[in-house]
Amino acid sequence: MSDVVANILHVPAWLALLIVFALPALEASIFLGFVFPGETAVLLGGVLAFETHLSLGWVVLAAVSGAVIGDNVGYAVGFRFGDALLRRIPPRVLKPEHVERSKELIRRLGGRAVFVGRFTAALRALVPGFCGASRMHYRTFLVWNFLGGALWATGVAVAGYLAGNAWHRVASGLSVFGYVVLGLVLAALGYLWWRHRRRSRQVGEE
């Protein structure tokens, strides 16, 4: 991974912009986010802008475009093939009740799920597809996707620009922040599971 990062910092400007666009775009569309978080490319794009190899404006534009387009592809895949793909996953790996609880949380949160999911790598890869599978209204998805993608891409690129050669510290901070967001989402899922079981017991006692 470190070799890949080092190479990004030494590629031509046009190729760097392509990477800044492509990696966020591929996070949700082909689930690349599980292997290489798109925020790393966006952060390094900001570093290159600091080193005057790139315009910060172009870095932000490429990152926002990649984030929004990639999530839209993920939504479309989830809408068309989501349930069929999820059924192919063995229950011992992904239990059907976990899938339903995730869908329930997305329905409850609506567009906020799209916005929050933008700020941690695992959710960036999964939330768009789950939104499609949950049949979230596309206009709702698109608006919140753009808002989250624009804020995320701009924030990460500017952070890389301001950090310069100290970008490793920023990358570490972003990773910790992502884990915090993921933890909060898992806690919300746990709460839904607990409330569902409590209601089931109450109905059984009646």
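Residues numbered from 1 in each chain as written. Predicted model: local features only at pLDDT ≥ 70, side-chain atom pairs only at ≥ 80, totals over all residues. Heavy atoms only, no water.

On record in UniProt, under Subcellular location (unreviewed entry), the comment for the protein is "Cell membrane". Its UniProt record gives the protein a comment under Sequence similarities (unreviewed entry), which states: "Belongs to the DedA family." (UniProt positions renumbered as here; feature names shortened; annotations may be inferred.)

## Some remarks on the overall build of the protein
For the protein, the helix and strand inventory stands at nine helices and zero strands. Listed by position from the N terminus, the elements making up the protein come as α-α-α-α-α-α-α-α-α. Here the protein holds 206 residues, and 43% of them are scored as buried. Sequence separation of at least 24 residues holds for 81% of the intrachain contacts in the protein that already meet a minimum separation of 6. Accessible surface, the protein as shown: approximately 11,500 Å² in total, 66% of it carbon and sulfur. (Helix = DSSP H or I, 4+ residues; strand = E, 2+ residues; numbered from the N terminus. Buried < 20%, exposed > 50% of the residue type's maximum accessible area, 1.4 Å probe, protein only. Contact = heavy atoms within 4.5 Å. Areas by Shrake-Rupley, 256 points an atom, 1.4 Å probe, with all protein chains shown as cover.)

## Points about the UniProt feature "transmembrane region" (unreviewed entry) in the protein
When the UniProt feature table is mapped onto this chain, "transmembrane region" (unreviewed entry) is found at residues 12–36, 56–78, 142–164 and 176–194. In residues 56–78, helix accounts for 100% and strand for 0%; the two terminal C-alpha atoms are 33 Å from one another. Its end C-alpha atoms 32 Å apart, residues 142–164 is made of 96% helix and 0% strand.

## As for a nonpolar patch on the surface
A grouping of V143, W144, F146 and L147 is seen on the molecular surface, where their side chains present a nonpolar patch of about 360 Å² in accessible area. Note that F146 resides in helix α8 (residues 138–163). (Patch = residues over 30% accessible without salt bridge, like charges linked within 9 Å, V, L, I, M, F, W, Y side chains within 5 Å. Salt bridge = Lys/Arg side-chain N within 4 Å of Asp/Glu carboxyl O.)

## With respect to the nonpolar core
Counting residues in hydrophobic clusters, the biggest one holds 28 residues, and the most contacted among them are V20, L23, V42, V64 and W152. When residues of this core are traced back to their parent elements, those giving at least two are α2 (13–29), α3 (38–50), α4 (56–87) and α8. No other element matches the seven residues that α4 contributes to this core. Residues within four places of W152 in sequence aside, it is in contact with P24, E27, G38, E39, V42, A67, R118, F119 and R124. Counting twelve residues, the second-largest nonpolar core is a separate cluster that includes I106, V114, M136 and F141. (Core = buried A, V, L, I, M, F, W, Y, C linked by side-chain atoms within 4.5 Å.)

## Quick look at unusual backbone geometry
Of note, R135 is a non-glycine position whose phi angle comes to about 60°, a positive value. In this structure, R135 sits in the loop between α7 (121–133) and α8.

## A look at the packing of aromatic side chains
Counted by the stated rule, this structure contains six aromatic pairs. Over the face of the ring belonging to W152 we find R118, whose NZ or CZ atom lies 4.6 Å from the ring centre. Here R135 stacks its cationic end above the ring of F79, 4.1 Å away from the centre of that ring. (Phe/Tyr/Trp six-rings, centres within 6.5 Å; stacked < 30°, edge-to-face > 60°. Lys NZ or Arg CZ within 6 Å of the ring centre and 35° of its normal.)

## Quick notes on the pattern of salt bridges
Within this structure, the stated rule accounts for five salt bridges. Residue R108 is joined to E104 by a salt bridge in which the shortest nitrogen-to-oxygen separation is 3.2 Å. Here R108 pairs with E104, and both are found in helix α5 (residues 96–109), just four residues apart, close to one helical turn. Given a relative accessible area of 28%, E104 falls into the partly exposed group.

## Considering the packing of α3 against α8
At a closest axis distance of 6 Å, the pairing of α3 and α8 adopts a crossing angle of 45°. The orientation of α3 with respect to α8, classified from their angle, is oblique. Seen along the crossing, α3 lies across α8 with a hand that is right-handed. The residues of α8 that touch α3, namely those facing G38, E39, V42, L43, G46, V47, A49 and F50, are W152, A153, V156, A157, A159, G160 and Y161. The residue inventory of the contact of α3 with α8, partitioned by class, reads eleven nonpolar, three polar and one charged. (Axes fitted to C-alpha atoms, helices over the stretch in contact; angles between N-to-C directions. Parallel < 35°, antiparallel > 145°, perpendicular 65-115°, else oblique. Left-handed = near helix turned anticlockwise from the far one by under 90°. Nonpolar A, V, L, I, M, F, W, Y, C, P; charged D, E, K, R; others polar.)

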